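# Coordinate analysis (summary)
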Amino acid sequence: MSHRAAGVLVIALIAAACAVEPIEDPGIGAGSLTSVVYAADGTALTEWHAGEDRVLVGYDELPRYLVDAVVAIEDQRFWVHPGVDLRAMVRAVQADLDAGEVVEGGSTITQQYIKNALLTPEVSLDRKMREVSLALGVEQTLSKEEIFERYVNTVYFGNGAYGIGAAARRYFGKSVSDLSLDEAALLAGLIRSPNSLDPYQFPNAALSRRKTVLDKMVELGWLDEEEAEAATIAPLEVLPEGAADHSLFPYFTDEVRRRLLQEPALGATPEERYEALTTGGLRIYTTLDPAAQLAAEAAVASVLPDGGPSAALAAVDPRTGYVVALVGGADYYDATDPVAQFNLATLGMRQPGSAFKPFALAAALQSGIGLDAEFEGGRSAVVATDAGPWRVENYNQLAYPDLTLLEATVFSVNVAYARLMTVVDPASVVAVAQAAGITTPLEA
């Protein structure tokens, strides 16, 4: 077919779609949104998504060179055409006819956006005509900036990342506004074929495509040759594959997720709550203090040797009851540990041990027993209870002399505290614990 015949075919296609009226803003269509969990200081701890990982980004957050890179490689006449580019369509039709297969696309950014938001991947003349008609209509509804914003929030970048926000985080661990020129060019290049240009599987192809993008920007006068050269030789530095799905403090965020999946406000059924968490674009703000969390993890690591037993730690602000740190194990992502993801801090169901002594101490003080009250020491003791004799031993079977209540507290002496419980009403200890927010069973 001649160039002229190809041009006639394209013009006929446009003419068939020219009964155009403005259309309602399609937004991002039926695409789901990723939920984000934040620490108390605003640090993003983790993101939850189901099939589509998507975080909306506003046009004002996009670096100019990212916008230029996408437009240069995907639709260089985007800013001037009315939604459909006749020149590009004629060129694409002729190239495809000459090759005997589809080797070049003629769709504009506006058309690609319409296809992503409103249409199916079906390949047919009727679908193409509808795409053209809707593209012309949306150009009468939205500004170019609004169309571009919606486009980069719907396009697929590979590895489960839908939209530029998810792509920037998944490949580089950054927000879009922090992307460098070489990173922006790489992401722009992925749009055409995210699977065959996957930087994890085909890094050389991804780098070659990045150079193509940069060269096109220079050709259009949108980038200096020196800047392009520096970006071209920049090494490919992407996050390890799958690292973007790792939580910053996973034991804490897993507990947040577990509790939210039981929260009726998010849905009447577990399925509805799961959908809300993974597709609803929720912003979840927690009480975790990253500095306190790092200190808690360091404290546990300083006591337990590598390869030793696991430990749990929960740090609570007594003024508010807020959990500011939570250590549930040694390494949540340890592939060699079959129980690495078991949260000892919230699921271990262990008795509280000496951590419960402060509640007994508070109950004793409230009943008039002073810190200078003396209790018999020793290595072990047998205390009579309603359930029968209770034999108590000190840690490591250490023997102590008679101790004051203060000394028994400082050295955490089990025998002295067992004898304290013979003169303190157990119900008062339970009341003190409940007043402090402890609501789990206290029989231990």
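This section reports on the structure supplied with the text. All figures in this text were calculated on a predicted structure; none of them were measured in a lab.

One can describe the packing of helix H7 (residues 164-172) onto helix H8 (residues 181-190) by two numbers: an axis separation of 11 Å at closest approach and a directional angle of 120°. Comparing their axes, H8 and H7 come out oblique. Remark: the crossing between H7 and H8 carries right-handed chirality. Contacts from Ile-164, Ala-167, Ala-168, Tyr-171 and Phe-172 of H7 reach H8 at Glu-183, Leu-186, Leu-187 and Leu-190. Residue composition of the contact of H7 with H8, by class: 8 nonpolar, no polar and 1 charged.

Here we take up helix H5 (residues 125-138). Taking 1.5 Å per residue as the helical rise, H5 with its 14 residues ought to reach 20 Å, and the 20 Å between its terminal C-alpha atoms agrees with that figure. Residues of H5 that are buried include every one of Arg-127, Glu-131, Val-132, Leu-134, Ala-135, Leu-136, Gly-137 and Val-138, and no others.

This part takes up the nonpolar core. Core analysis: the biggest nonpolar cluster contains 57 residues, and Leu-62, Phe-148, Phe-157, Ile-164 and Leu-187 have the highest contact counts within it. Those elements that provide at least two residues to this core are helix H2 (64-74), helix H4 (109-118), H5, helix H6 (144-154), H7, H8, helix H9 (203-219) and helix H10 (225-233). Those residues in contact with Phe-148, other than ones at most four positions away along the chain, are Tyr-59, Leu-62, Val-67, Val-70, Val-71, Phe-78 and Ile-109. Membership of the second largest hydrophobic core comes to 21 residues, among which are Phe-359, Ile-369, Leu-403 and Ala-433.

The next subject is the environment of Tyr-65. Considering the arrangement of structural elements, one finds Tyr-65 in helix H2. The exposure class assigned to Tyr-65 is partly exposed, which follows from its relative accessible area of 30%. Along the sequence, Tyr-65 and Asp-182 sit 117 residues apart, while their C-alpha atoms lie 9.6 Å from each other. In this view, Tyr-65 contacts Leu-179, Ser-180, Leu-181, Ala-184 and Met-217; residues no more than four positions away in its chain are not counted. Of note is the side chain of Tyr-65, whose polar atom sits 2.4 Å from the backbone oxygen of Leu-179.

Before going further, it helps to examine the pairing of strand E5 (residues 323-327). Among the 5 residues in E5, 4 count as buried, and that is most of the element. Two strands pair when backbone bridges link them, and strand E4 (residues 313-316) and E5 are joined in this way by 4 bridges, in the antiparallel orientation. Of the residues in E5, the one forming a bridge with Ala-315 is Ala-325. The antiparallel hairpin formed by E4 and E5 contains 6 residues in its connecting segment, where Gly-321 sits at a positive phi of about 80°.

For the coordinates displayed, the defined rule picks out 11 aromatic pairs. Each ring, one from Phe-148 and one from Tyr-151, has its centre 6.4 Å from the other, and the planes form 55°; the classification is tilted. Here the residue Phe-148 and the residue Tyr-151 both occupy positions in helix H6, the gap between them amounting to 3 residues, near one helical turn. Just as Phe-148 is buried, Tyr-151 falls in that class too. Among the aromatic residues, those joined into a cluster by ring pairs are Tyr-59, Phe-78, Trp-79, Phe-148 and Tyr-151. A cation over a ring is seen here: Lys-144 above Phe-78, with NZ or CZ 4.5 Å from the ring centre. We note Arg-257 situated over the ring of Trp-48; from NZ or CZ to the ring centre the distance is 5.4 Å.

So, about the environment of Ala-431. Position of Ala-431 among the secondary structure elements: in helix H18 (residues 426-435). Sequence separation of Ala-431 and Leu-86 is 345 residues, and the distance between their C-alpha atoms is 79 Å.

This next bit is on a nonpolar patch on the surface. Where nonpolar side chains cluster on the molecular surface, the patch consists of Leu-365, Leu-371, Leu-406, Val-410 and Phe-411 and spans about 460 Å² of accessible area. Among the secondary structure elements, Leu-371 is positioned in the loop between helix H15 (357-366) and strand E6 (374-375). Overall, Leu-371 belongs to the partly exposed group, its relative accessible area being 38%.

In space, the 3 strands of this open sheet follow the order E2-E1-E3, with mixed pairing throughout. Among the strands making up the open sheet, the edge pair consists of strand E2 (44-48) and strand E3 (283-285). Mean inter-strand twist for the sheet, computed between neighbouring axes without regard to direction, equals 20°. For strand E1 (residues 35-38) and E3, the ladder comprises 3 bridges, and the chain directions are parallel.

Turning next to the pattern of salt bridges. Taken as a whole and judged by the stated rule, the model has 20 salt bridges. Measuring nitrogen to oxygen at the nearest pair gives 2.3 Å for the salt bridge that ties Arg-169 to Glu-47. Here Arg-169, found in helix H7, pairs with Glu-47, found in strand E2; they are 122 residues apart in sequence, far enough to count as distant. For Arg-169, a relative accessible area of 13% corresponds to the buried category. Across the pair Lys-211 and Asp-215 runs a salt bridge, and its minimum N-O distance is 2.8 Å. Here Lys-211 and its partner Asp-215 are both found in helix H9, 4 residues apart, which amounts to about one turn of the helix. By relative accessible area, Lys-211 is classed as partly exposed at 40%. In the salt-bridge network here, residues are joined through shared partners; they are Glu-47, Asp-53, Arg-169, Arg-170 and Asp-245.

Conventions adopted
Residues numbered from 1 in each chain as written. Predicted model: local features only at pLDDT ≥ 70, side-chain atom pairs only at ≥ 80, totals over all residues. Heavy atoms only, no water. Axes fitted to C-alpha atoms, helices over the stretch in contact; angles between N-to-C directions. Helix = DSSP H or I, 4+ residues; strand = E, 2+ residues; numbered from the N terminus. Parallel < 35°, antiparallel > 145°, perpendicular 65-115°, else oblique. Left-handed = near helix turned anticlockwise from the far one by under 90°. Contact = heavy atoms within 4.5 Å. Nonpolar A, V, L, I, M, F, W, Y, C, P; charged D, E, K, R; others polar. Expected span 1.5 Å × (residues − 1). Buried < 20%, exposed > 50% of the residue type's maximum accessible area, 1.4 Å probe, protein only. Core = buried A, V, L, I, M, F, W, Y, C linked by side-chain atoms within 4.5 Å. Polar contact = N/O pair within 3.5 Å; in protein donor to acceptor, adjacent residues only side chain to side chain. Pairing = 2+ DSSP bridges. Phe/Tyr/Trp six-rings, centres within 6.5 Å; stacked < 30°, edge-to-face > 60°. Lys NZ or Arg CZ within 6 Å of the ring centre and 35° of its normal. Patch = residues over 30% accessible without salt bridge, like charges linked within 9 Å, V, L, I, M, F, W, Y side chains within 5 Å. Areas by Shrake-Rupley, 256 points an atom, 1.4 Å probe, with all protein chains shown as cover. Salt bridge = Lys/Arg side-chain N within 4 Å of Asp/Glu carboxyl O.

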